[in-house]
Amino acid sequence: MARLTILLVALVAAMATAFAPVPLSRTVSSTALNGQTRVEVKVGEGEPIESALRRFKREVNKSGHLMDLRHKRYFENSQDRKKRKIVQARIRKRLERMQARRLRQRRS
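Asks: Please explain the overall build of the protein as it appears in this structure.
Replies: Across its full length, the protein carries four helices and two strands. For the protein, the α and β elements follow one another from N to C terminus as α-β-β-α-α-α. Evaluated residue by residue, the protein yields a buried proportion of 19% over its 108 residues. As presented, the protein carries roughly 8,900 Å² of accessible surface, and 56% of it is formed by carbon and sulfur atoms.

So this is what it looks like as structure tokens:
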């Protein structure tokens, strides 16, 4: 529970810093305690903060920590966890097959 709280506080703090003025180094970053999470977005010269914030949110979503928090919101026994992982793997494999098929069609 403490790890969950710390991670949530770190993510909220990172989102709050995204709205702050960007320093001269022009980076927006998020770091959780013990170096577990590191999301960094480089902001180009003249780039609007909205697009940098959008990229930052995308990177946070890709890191998978928000999904992990969502799954840890309620207790999940091992059987439910296995079922969820199997369904996720099935979806992932299906998407990989679809992407491979599209790639083969483009080459033809």
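Asks: Would you take a moment to explain the pattern of salt bridges for this structure?
Replies: Where charged atoms from two side chains of opposite charge approach closely, those side chains can pair. If you walk through the whole model with that rule in mind, you get five salt bridges. The partner of Arg 55 in a salt bridge is Glu 47, and the shortest N-O contact between them spans 3.1 Å. What makes Arg 55 partly exposed here is its relative accessible area of 29%. Among the ionic pairs, Arg 84 bridges to Glu 76, the shortest N-O distance being 2.9 Å. On the accessibility criterion, Arg 84 (19% relative accessible area) is buried. Given the relative accessible area of 16%, Glu 76 is considered buried.

Asks: Would you mind going over a positive patch on the surface with me for this structure?
Replies: A cluster of basic side chains, namely Arg 81, Lys 85, Arg 92, Lys 93, Arg 94, Arg 97, Arg 101, Arg 102, Arg 104 and Arg 106, defines a positive patch on the protein surface. Along the chain, Arg 102 turns up in helix α4 (residues 78-107).

Procedures and definitions
- Residues numbered from 1 in each chain as written.
- Predicted model: local features only at pLDDT ≥ 70, side-chain atom pairs only at ≥ 80, totals over all residues.
- Heavy atoms only, no water.
- Helix = DSSP H or I, 4+ residues; strand = E, 2+ residues; numbered from the N terminus.
- Buried < 20%, exposed > 50% of the residue type's maximum accessible area, 1.4 Å probe, protein only.
- Areas by Shrake-Rupley, 256 points an atom, 1.4 Å probe, with all protein chains shown as cover.
- Salt bridge = Lys/Arg side-chain N within 4 Å of Asp/Glu carboxyl O.
- Patch = residues over 30% accessible without salt bridge, like charges linked within 9 Å, V, L, I, M, F, W, Y side chains within 5 Å.
- Lys, Arg positive; Asp, Glu negative; His and termini not counted.
- Charge placed at Lys NZ, Arg CZ, Asp CG, Glu CD.

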